[in-house]
Structures are given as C-alpha cells and as structure tokens.
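Residues per chain, in single letters:
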Amino acid sequence: MCGIIGYIGRENAAERVIYGLKKLEYRGYDSSGISLVEGSKLLRYRAKGRLENLVSALKNIRLHGTTAIGHTRWATHGKPSDENAHPHTDCTGKITIIHNGIIENYYEIKQMLLKRGHKFTSETDSEIFAHLIEENIGKGVEKAVQAALKKIRGMYAMVILHAGEPDKIVAARKGSPLVLGIGKNENFIASDVPSFLKYTKKAVFLEDDDMAVITKQGYTVLNNGKKVSRKITHIKWNDSQAEKNGYPHYMLKEIGEEPQAFEDTIIGRFDSDRAKILFETVNDARLRKMKNVRIIACGTSYHAAYTTKYLMEKYSGLNVSVDIGSEIRYAAPAVTKDTLIIIISQSGETIDTIAAFNNIKKRAGYSIAVVNVVGSTLSRELDSVIYTHAGPEIGVAATKTFISQLAVLYLLSFHIASLKGRMSRKKIRSALKSLRKIPGYIKEIIKERKKIEKIGAKYSRHRDFLYYGRNINYPIALEGALKLKEISYIHAEGYPAGEMKHGPIALVDDKVPNVFIAPVNALYEKIINNIEEIRARDGIIIAVTNRSNKTMKNYADDVIYIPDIDEDFYPLLAAVPLHLLAYYIGVKKGIDVDKPRNLAKSVTVE
Ligand code: M6R
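Per chain, residue numbering runs from 1 following the sequence as it is written. With pLDDT at 70 or above as the cut-off, local features in this predicted model cover only qualifying residues; side-chain atom pairs require 80 or more to be listed or tallied, and sums for whole chains, interfaces and linings still use all residues. Only hydrogens and water are set aside; all other atoms, that is, all heavy atoms of the structure, feed into the side-chain values.

1. Some details on the side chain of Thr200
Alright, step 1. Here Thr200 shows up in the loop between strand S10 (187–190) and strand S11 (202–205).
Alright, step 2. Thr200 gets classed as buried once you look at its relative accessible area, which sits at 8%.
Alright, step 3. Every residue pair with non-hydrogen atoms within 4.5 Å of one another is taken to be in contact. In this structure Thr200 touches Gly181, Ile182, Gly183 and Phe188, once residues within four positions along its chain are discounted. Comment: elements are numbered from the N terminus, with helices defined as DSSP H or I runs of at least four residues and strands as E runs of at least two. To sort residues, take the accessible area from a 1.4 Å probe on protein chains only and compare it with the maximum for the residue type: under 20% means buried, over 50% means exposed, and anything in between is partly exposed.

2. Comments concerning the pattern of salt bridges
Alright, step 1. Salt bridge, as used here: a side-chain nitrogen of Lys or Arg that lies within 4 Å of a carboxyl oxygen of Asp or Glu. For the structure shown, the criterion picks out 26 salt bridges.
Alright, step 2. Note that Lys400 is salt-bridged to Glu257, the shortest N-O span being 2.8 Å. Of the two residues, Lys400 is situated in helix H14 (residues 400–419) and Glu257 in the loop between helix H7 (250–256) and helix H8 (258–266); the sequence distance between them amounts to 143 residues.
Alright, step 3. For Lys400, a relative accessible area of 3% puts it in the buried group.
Alright, step 4. Note that Asp510 and Lys511 form a salt bridge whose closest N and O atoms lie 3.2 Å from each other.
Alright, step 5. For Asp510, a relative accessible area of 46% translates into the label partly exposed.
Alright, step 6. By relative accessible area, Lys511 is classed as exposed at 53%.

3. A word on the environment of Lys202
Alright, step 1. With respect to the helices, strands and loops of the structure, Lys202 is situated in strand S11.
Alright, step 2. When neighbours within four sequence positions are excluded, Lys202 is seen to be in contact with Leu180, Gly181, Ile182, Phe196, Ile232, Thr233 and His234.

4. Some remarks on the sheet that holds strand S5 (residues 88–89)
Alright, step 1. Strand pairing requires that DSSP identify at least two bridges connecting the strands. One open sheet accounts for seven strands, arranged S5-S6-S7-S8-S12-S13-S14; its pairing is antiparallel. Each edge of the sheet is formed by a strand with only one pairing partner; in this case those strands are S5 and strand S14 (226–228).
Alright, step 2. The sheet contact formed by strand S12 (residues 210–214) and strand S13 (residues 219–223) spans five bridges and is antiparallel. Bridge assignment links Asp210 to a residue of S13, and that residue is Asn223.
Alright, step 3. Set on the sheet, helix H5 (residues 141–151) makes contact with strand S7 (154–162), strand S8 (169–174), S12 and S13; between it and S12 the angle comes to about 160°. Whenever a helix is involved, its axis is fitted only over the stretch in contact; in every case the axis is a line through C-alpha atoms, and angles between N-to-C directions fall within 0 to 180 degrees.

5. Thoughts on the pairing of strand S27 (residues 558–562)
Alright, step 1. Of all five residues in S27, four are buried; the element is thus mostly enclosed.
Alright, step 2. As paired elements, strand S26 (residues 540–546) and S27 share five bridges and run parallel to each other. Each bridged residue has a counterpart across the sheet, and for Ile542 the counterpart in S27 is Asp558.

6. Points about the site of the ligand
Alright, step 1. The ligand sits among 15 residues. The nearest are Ser301, Ser345, Ser347, Thr350 and Glu486.
Alright, step 2. Contacts to the ligand include Ala398, whose backbone N or O atom sits 2.8 Å from an oxygen atom.
Alright, step 3. Under this definition, polar contacts are N or O atom pairs within 3.5 Å; protein pairs additionally need one hydrogen-donor-capable and one acceptor-capable atom, and for neighbouring residues in sequence, both atoms have to be side-chain atoms. Contact distances for the ligand include 2.5 Å between a nitrogen atom and a side-chain N or O atom of Glu486.
Alright, step 4. For the area figures, the Shrake-Rupley method with a 1.4 Å probe applies, and any residue is considered shielded solely by the protein chains shown. Compared with its free state, where it exposes 410 Å², the ligand has 91% of that area covered by protein.
Alright, step 5. Contributions of two or more residues to the shell around the ligand are made by helix H10 (299–316) and helix H17 (474–488).
Alright, step 6. Considering only residue class, the shell around the ligand consists of six nonpolar, seven polar and two charged.
Alright, step 7. Looking at which domains feed residues into the shell around the ligand, each of domain 2 (244–447) and domain 3 (449–606) supplies at least three. Throughout this document, a residue counts as near a molecule or strand when at least one of its heavy atoms sits within 4 Å of that molecule or strand. Amino acids are sorted into nonpolar (Ala, Val, Leu, Ile, Met, Phe, Trp, Tyr, Cys and Pro), charged (Asp, Glu, Lys and Arg) and polar (every other residue, Gly among them). Boundaries of every domain are those given by an automatic assignment or by a domain database.

7. Here we look at the side chain of Arg173
Alright, step 1. Considering the arrangement of structural elements, one finds Arg173 in strand S8.
Alright, step 2. Side-chain polar atoms of Arg173 contact the backbone oxygen of Leu206, separated by 3.4 Å.
Alright, step 3. Aside from chain neighbours lying at most four places away, what touches Arg173 is Tyr156, Ala157, Leu178, Leu206, Glu207, Asp208, Asp209 and Asp210.

8. Structural notes on the domain arrangement of the protein
Alright, step 1. Domain boundaries assigned for the protein yield domain 1 (2–239), domain 2 (244–447) and domain 3 (449–606).
Alright, step 2. Tallying the contact residues gives 48 residues for domain 2 and 42 residues for domain 3.
Alright, step 3. Computed with a 1.4 Å rolling probe, the buried area is the accessible surface lost when two parts are put together, summed over both parts. The contact between domain 2 and domain 3 buries some 3900 Å² in all, and 66% of this surface belongs to carbon and sulfur atoms.
Alright, step 4. Between domain 2 and domain 3 we count two salt bridges in total.
Alright, step 5. Between Asp568 and Lys314 there is a salt bridge whose closest N-O contact spans 3.0 Å.
Alright, step 6. Applying the counting rule to domain 2 against domain 3 returns 15 residue pairs in polar contact (both at pLDDT 80 or more).
Alright, step 7. Only H7, H8, H10, helix H12 (351–360), H14 and helix H15 (425–447) provide two or more residues apiece to the side of domain 2 that touches domain 3.
Alright, step 8. It is H15 that contributes the most residues to the side of domain 2 that touches domain 3, ten residues altogether.
Alright, step 9. Of the residues contributing to the side of domain 2 that touches domain 3, the split by class is 28 nonpolar, eleven polar and nine charged.

Right, here's the structure in full:
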C-alpha cells in the first residue's frame, strides 16, 4: 500500500526522503515520486515501477533543498504511470501534495473544479486536493488545507508542501496512519516509523482529524481546528524490529493489520448516501446476466469462497458452487455462458487455481479475479479484477488477506443481490452500516489478545483439535483448523457441527480440545446440544461466542467473547480470534510462525 515520507531540516532533504522511501518499499507499490523546494521553486520527479527508476532519474541532478516530501504509490484510481504517481500539483505548480487513502467524493469535486477552470494531469482522486488548496491559498497554506479538508469525504493521510511557504510542511490524517519523527533541528512525517528511525527514535502518532504543521524547529497539532498535545513515544526497536512495527512476528503484525486491511478494501467501493456498491473494474451489465456462480480457490482463499457461497445464495438467490483449484483443474464441471466464475487468490500465482481457471474459461460467461498482488498472473487473465487492499503479507499464513477477501466478497454478494433486484436500498444501507463497524470490532478483539494467549498456552501440548461451526461459520471452522495445522503442526480438522455425530465424535476424549463457533442465533441451541454431547464424553470445549452471552461459561472450559453482530457478519469477527489462537499456540511451541516448515507463500508448483 502507499507510503509517505516528508522531511524538513538542514540536511539534504532528497537523500533523507529517498532513504525513507526505501524503508517503505515493503508495503508494496507501483510508482514513486518526490517534490522538494529549492529557493522559491518547486521541483518534482516521478517514476513508474521500482524505486530504482526514481533513483536513477535523480542520479545526475544535484539537489540541495532541505524540505521535501516523497511517496510510493499503490494504484487505486488510475493505472500505475508517471502521471498518476504522487506528488501531485495544482495549476500554479507551487502546491504539491501526497495522499494515502481514497477521496470518496472526488468525482463531484473534480467536476466542480473543472468548471472553475482547473486543469488536471492525472486520473487520480488525489490530485483534486492540490487544486482545492489552490482555491484558498491566498489565506496561507494552513487555512487553505483546512478549507480543503472540509470538502472531502473518505480516508486520507495527506502531506502538503507549498513553495511559497517553504518553512513548513502540513499534514492531516483520517483513517490512514501518519507519524511525526521528532529530531534535532529536523523533523519527519511518515506513514510509519522505519522510514525515519535511523535519524530519530522520538515519534508522535497522529490521531484521526489531526492536522500537523511541521517546521525545522518543531510542530503543532490541531484537531478540528483546536490545538492539542499528543504524547511523544520513544521507540525502542532496532531497524529490523521496526519493519515488524515492534511486533515479534510478521504474523502478529498482520493480524493487527486486519482492521486496516478491511477498511482499505471497502473504502471507496460504496456510496452510503445512494446505497450503492461501486466496483470500478466490474462490468455490471455482464454481471446482471449471470444465472449461476462457481467460485474457485485453494487453502485459506477457499475458505473465503465457501463463506461467500452461504452469503451469496442467501442474498442473491443464485446457485453458487465452490471448488478447490487442484480438484476442478482435472474435472469436467458444468459451466455455461451464464456462469459467473470468481477466482480467489491472495498471491494471484497459485498454479492449481490458474490451471482450474484455464480448464473452464472458454465456457464461462464472465470471470472476476479477487487478488491481492497487483499485476500477478490471475489479476491479468480474467475479464475483471477486484483487488483486495491488504498490502503485502509476509507471514506464510494468510491472515489479513483472508479478512480483506471477505470484505470484497461481502460487497460483491450484496452488489449482485442488488443488481438482481433482491436487495432493497434499505437493506443495502443497513448491510453497509454493519460492514463499516467491522474494523472497530476487530480492533476490540485484538485488544483482548492476552486472554487468547493464555488459552493458547493452556492447550499448546494437545495433539489434536477439532473445530466446529454451522452454516456460514462452518468455513471459519475450516479456517481455524487450517491455521492451527500450518503454524503449530498440531493435527486439526474443521467440521459442520451437525456432522459431529456422523464420525468425529469417535475422536472425543479428555485430550482433544473442541473449538466451537457459537453465535447467539436460531441455531444456538443446536450448538449447545453438540457441546453437551462432547461434555458427556469428557471432551474439552473452547467456545467463540457473543459478548452478551451470559450462559456459555456454564458449558465451556474457555470462552472467547467477540462483539455482538448480525449473524451474517459473524465470520468477519470469528476468524480473528482463531487466527490469534493458532498464532499463540505456534509461538508457545517455539515454531517459526512466519515461515512454518514445508509451506510457501505462493504455491507455484502442482
Ligand atoms: O495465494 P493464494 O490465496 O491462491 O494461496 C492459496 C493457499 O496456498 C493459501 O491460502 C495457503 O493455504 C495459506 N498458507 C493459508 O494460510
């Protein structure tokens, strides 16, 4: 995902900013750029592709300015290109901005600005912000930024430099992270700490609606126009710890990023006012014609697919089947010109999934890939691609990418239902309202992770686990079991809870923990019956249930509580404690959870 670094001080700003951009590369990007002020002139350099392209473009240019801002862009609005790379400028070429996030109402603003004579040079949503500032620059950059912020809706981390006021950088945040690095006669503003850690370990994390004015000597933070003080954090990490943001493992860092990944994936893809879901890359006319759906994926992506089957069938009334890539590649599935194919893959390179698609693509009506890695094979092979915006995932176990796959698939299910006339505006509005609550709820679960760590420690010596769920939570039981297997090497299986008596119950004794996903809904009593059957055979019960459930503690040995939410959205929350449980058990067993044995992040062999 995009990265930001800004510098103001006495040193060569371009060198500091390029260093910072190198440290942001891990986030994933497809172009980069830098703006700096020299005298009263604004200089700007941008390049598509790797950061080396920008570095080599600057090779023979002597830059000596001491104020600069730089960006690595991960394309959302507009393809990766020099023109779409940040920083962007206004018509005068004196105001320059970088932006992470999405301006949801950019289109209306752009139309308004075009009428007022502004000229645009990119396809991005971000560029409008430079022009909005230009509208009021006569009042000074701070006031002009404040006025511009009032006009935009969406998520942002913005950093602004004005050649007319080179003694300051202005920054603002809502939803996307920004942190100040406080040095001696020099200060930084960045998306994260590693980009300035070499120069200072003092950091100030900005909060939503904060606007910071940064100078060589200091900084001021305003929130909704009022001056506020924000605590200085003394960072204790070294460089390599910093890449993990202070977390001991990428996996825990990435679970910690699940709320952001979800938010980044849904943002800009709906308009609550009009109760509309918007997928820029999807052809609604073709989608509307589809009469049945086949979803294909492997591993964790298959669990996202399976969850979608329950959801999509319920909301759109279409017949939805799910297939494992390695199976369908050699089968003769029923695919016709009114079949929508959805392929799900984090890496976009899973060979079984690619081969499965190749086996059926000629017969399909329309195909959509849901992929995280930009430019990967699957992102290019299908009729349309919807990117999940989870950012790079380094831990071998898929965690935040699973949550963002679900984010896309929930939106897509509701979108198809609305195209088919099966979901009213009122229902869409209410579904969107629930989706918007998810990041906050996931944060609440992650805050309570110490409790899950304790449960993990208690059961880390057990050799077999069983996971159960019913209906839409059954695939989450599969996901919990897979994750445990992968990173703790403990044997685990997921089952539909109703299937227990048809076999798995033979395994129940006092040594096997049974993990139940137990939402309080119409099937709750059925789950309790299953739990009772296990208790009658001395089995161990771990339950994931609603926070308001006061009775589960009477049945379970350990209970993990999650926020109360409408039952259709339960998987989005229930997966999180199961990711954490697997993580803590793996760590307790001393396993390298980021690189468990025999597994690869991208499975490109059969
Ligand atoms: O890149 P993909 O989503 O296509 O990968 C599919 C599986 O290989 C992947 O989900 C695997 O199961 C992960 N290690 C799960 O944590």
